[in-house]
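Below are the chains, spelled out letter by letter.
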Amino acid sequence: MKNIQYYLFAILVISFTSCLNGDPVFEDGGSAGIVELDLAARTTSTAYAVRTNVIEVEDAVELPVIVNYTGVNGAPQDVQVTLSIDDAIISTYGGGLTVLPAAYYELPASNVVTIPKGQKKATYTIKLKPKLFDLTKSYALGVKIVGATAGTVSGNYSAGVYSIPVKSPWEGSYNVHYKWYAGGGYGTTDEEYDETGITLTTAGPGVVEARYVGVWFSGWTRYTFYPNNTIGVAAYSGSTLATTVIESSADPDNLTFKVKWSFPASNGYVLEETYVKTGD
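Here goes a summary of the coordinates provided.

Moving on, we come to the packing of aromatic side chains. Applying the stated rule across the entire model yields 22 aromatic pairs. Of the aromatic side chains, those joined through ring pairs into one cluster are Tyr178, Trp180, Tyr193, Trp216, Phe217, Trp261, Phe263 and Tyr269. Above the face of the Trp220 ring, Arg222 is positioned so that its terminal group lies 4.0 Å from the ring centre. A cation over a ring is seen here: Lys260 above Tyr181, with NZ or CZ 4.3 Å from the ring centre.

The structure is reproduced here in structure tokens:
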């Protein structure tokens, strides 16, 4: 009886050893040979998975689209993966995102990337042009895998949303010159003064917020920067104030801007502000 048990044990050891010397029995996540985009996990409630890349306003920024080949051994051969841009992905996903116009980016010369044999990744690099962006919008690109020369294209992660929010270049610390104009509900003489360390924080796409209104009044002031380098103003002090921009200008290269505006219309207050950025 002991001899039979020893014999059976020896067979099991030999069989297990032969499995270890050959192809692995257990693959990564049980999905060996799957070709997919490197995206955040998605749930059944969302049409597509998302990858978010926060970018700076520079002449050119690279957006990496990474393609994965799952499995502990990597690709069994060179795997060519064909990609394409699909605007319908963004329309289907929604979420307040806007399709990035084609003029705002450049694609690689080839829409095929190669995952080398034994490797697990390849990168398709899209060149973005953030200085052309309308900073009042939240842009995104839809990317999908349309074919692969080996492996199985993923059902859940073969297409996805690449959200590219822009960190507002106007966020940061400022020196500010204020000028209150006499007349209306303000007073009989103009008054000017300077403040340092005034902080602007991002309040939305292309929008930054200052605490207080002209420093003197409680609440907040929000500045919206438009592509033509003009500025919109919204303010709140106990209630929303009616505002009218008299004149405005922004210099995105030097990060300075000037706004002359009135509030509320019934009192005729007029305030001119000149912001000079000093740091992040």
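A few words on the environment of Ser158. Within the secondary structure layout, Ser158 lies in the loop between β10 (152–153) and β11 (159–163). A relative accessible area of 16% means that Ser158 is categorised as buried. When the C-alpha positions of Ser158 and Ala49 are compared, they lie 9.4 Å apart, and in sequence the two are 109 residues distant. Not counting the four nearest positions on each side in its chain, Ser158 is found in contact with Leu37, Val143, Lys144, Ile145 and Val153.

What follows covers the nonpolar core. With 33 residues, the main nonpolar core has Val67, Val81, Leu100, Leu128 and Phe133 as its most contacted residues. Going through the elements one at a time, β1 (34–37), β3 (61–69), β4 (79–85), β7 (112–115), β8 (121–128) and β9 (139–148) are the ones with two or more residues in this core. Residue contributions to this core peak at 5 residues, all from β3. Setting aside residues up to four positions removed in sequence, Val81 forms contacts with Val35, Val67, Asn111, Val112, Val113, Ile115, Ile145, Gly147 and Ala148. Counting 27 residues, the second largest nonpolar core, distinct from the first, contains Ile198, Ile231, Leu255 and Leu271.

About the cut-offs
Residues numbered from 1 in each chain as written. Predicted model: local features only at pLDDT ≥ 70, side-chain atom pairs only at ≥ 80, totals over all residues. Heavy atoms only, no water. Phe/Tyr/Trp six-rings, centres within 6.5 Å; stacked < 30°, edge-to-face > 60°. Lys NZ or Arg CZ within 6 Å of the ring centre and 35° of its normal. Helix = DSSP H or I, 4+ residues; strand = E, 2+ residues; numbered from the N terminus. Buried < 20%, exposed > 50% of the residue type's maximum accessible area, 1.4 Å probe, protein only. Contact = heavy atoms within 4.5 Å. Core = buried A, V, L, I, M, F, W, Y, C linked by side-chain atoms within 4.5 Å.

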